[in-house]
Amino acid sequence: MHSHRADEEDGATVLVQPVGHHGDRHTARVKTYGEVLREYEIHPESKYADASGEPCSKQTVGLLQRRHVRIDQIIPIGKESNSLEEVEAGLVHSTENVYTVYHDPRRDEWTTKILPALRKIPLPILVKMTGLSRSTLIELRAGRSRPHRKNQDLLTSAIRRISDQK
């Protein structure tokens with residue numbers, strides 16, 4: 001089955017066919033109704049979970065349930081309108097190229113997760129695990145200073161090790 005259509009931009013005729021793996025400069029590959037239906041039958045349903053609460057996959061069968069959402073962190077973003085056409089066309093695959101992140105220090109991971117966890121750990125244990133000075137840790141835990149990236153990674157690692165021991 002072959003069909004021709006005129007390109008709207010330059011008036012060139014393009015061959016449209018539902019066979020083959022892809023088109024070329026002069027041929028556009030289109031899906032048949034059967035292909036669309038087969039793909040739909042096995043597409044993953046991101047809003048639903050399987051019987052054990054795991055996200056659905058292509059192989060999920062049985063009664064589905066709504067997925068539960070747990071908010072981990074709030075990150076204010078803005079969609080850059082100059083990329084919307086590329087996103088809709090599927091040309092942009094990374095959200096880093098589309099969104100602008102507006103950092104709010106009152107809601108970042110250091111303030112909402114790491115600092116509260118540090119305050120629960122006894123100071124002598126933190127000194128021993130991190131090698132940071134007692135006075136540095138007191139300032140950090142009080143929120144009067146913020147660590148450099150290297151020390152933040154060190155503190156995060158210490159928190160994880162302690163939580164893994166529990």
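Placed above this text is the structure.
What should I look at first to understand the overall build of the protein chain in this one?
In terms of regular secondary structure, the protein chain is built from six helices and seven strands. Walking the protein chain from its N terminus toward its C terminus, one meets helices and strands in the order β-β-β-α-β-β-β-α-β-α-α-α-α. Buried residues in the protein chain amount to 19% of all 166 residues. Taking the contacts inside the protein chain whose residues are at least 6 apart along the sequence as the reference set, 25% of them involve residues at least 24 apart. When the accessible area of the protein chain is evaluated, it comes to approximately 13,500 Å², of which 53% is carbon and sulfur surface.

What exactly am I supposed to notice about the pattern of salt bridges here?
Once the charged atoms of two side chains with opposite charge are near each other, the side chains can pair. Under the criterion given, the structure shown has five salt bridges. Between Glu35 and Arg29 there is a salt bridge, with the nearest N and O atoms lying 2.6 Å from each other. Exposure remark for Arg29: the relative accessible area of 26% places this residue in the partly exposed category. Notably, a salt bridge pairs Glu39 with Lys31, separated by 2.9 Å at the nearest N-O pair. Since its relative accessible area comes to 41%, Glu39 is described here as partly exposed.

What exactly am I supposed to notice about the nonpolar core here?
In this structure, Trp110, Leu118, Leu137 and Leu155 are the most contacted members of the largest nonpolar core, which totals 13 residues. Going through the elements one at a time, helix 3 (109–120), helix 4 (123–130), helix 5 (134–142) and helix 6 (149–165) are the ones with two or more residues in this core. Not counting the four nearest positions on each side in its chain, Trp110 is found in contact with Leu115, Pro116, Leu118, Leu140, Arg146, Pro147, Gln152 and Leu155.

Can you help me understand helix 3 in this one?
For an α-helix, the turn length of 3.6 residues means that residues three or four places apart are oriented alike. Along its 12 residues, helix 3 runs 16 Å from first to last C-alpha, staying within 8% of the 16 Å computed at 1.5 Å per residue. Within the sequence span of helix 3, burial applies to Trp110, Ile114, Leu115 and Leu118. All buried residues of helix 3 project into a common sector of 95° when viewed along the axis, lining one side. Structurally, helix 3 contributes buried residues whose contacts are with helix 4, helix 5 and helix 6.

Definitions and limits used
- Residues numbered from 1 in each chain as written.
- Predicted model: local features only at pLDDT ≥ 70, side-chain atom pairs only at ≥ 80, totals over all residues.
- Heavy atoms only, no water.
- Helix = DSSP H or I, 4+ residues; strand = E, 2+ residues; numbered from the N terminus.
- Buried < 20%, exposed > 50% of the residue type's maximum accessible area, 1.4 Å probe, protein only.
- Contact = heavy atoms within 4.5 Å.
- Areas by Shrake-Rupley, 256 points an atom, 1.4 Å probe, with all protein chains shown as cover.
- Salt bridge = Lys/Arg side-chain N within 4 Å of Asp/Glu carboxyl O.
- Core = buried A, V, L, I, M, F, W, Y, C linked by side-chain atoms within 4.5 Å.
- Expected span 1.5 Å × (residues − 1).
- Arc of directions from axis to C-beta.

By themselves, these are just geometric observations and shouldn't be taken as functional.
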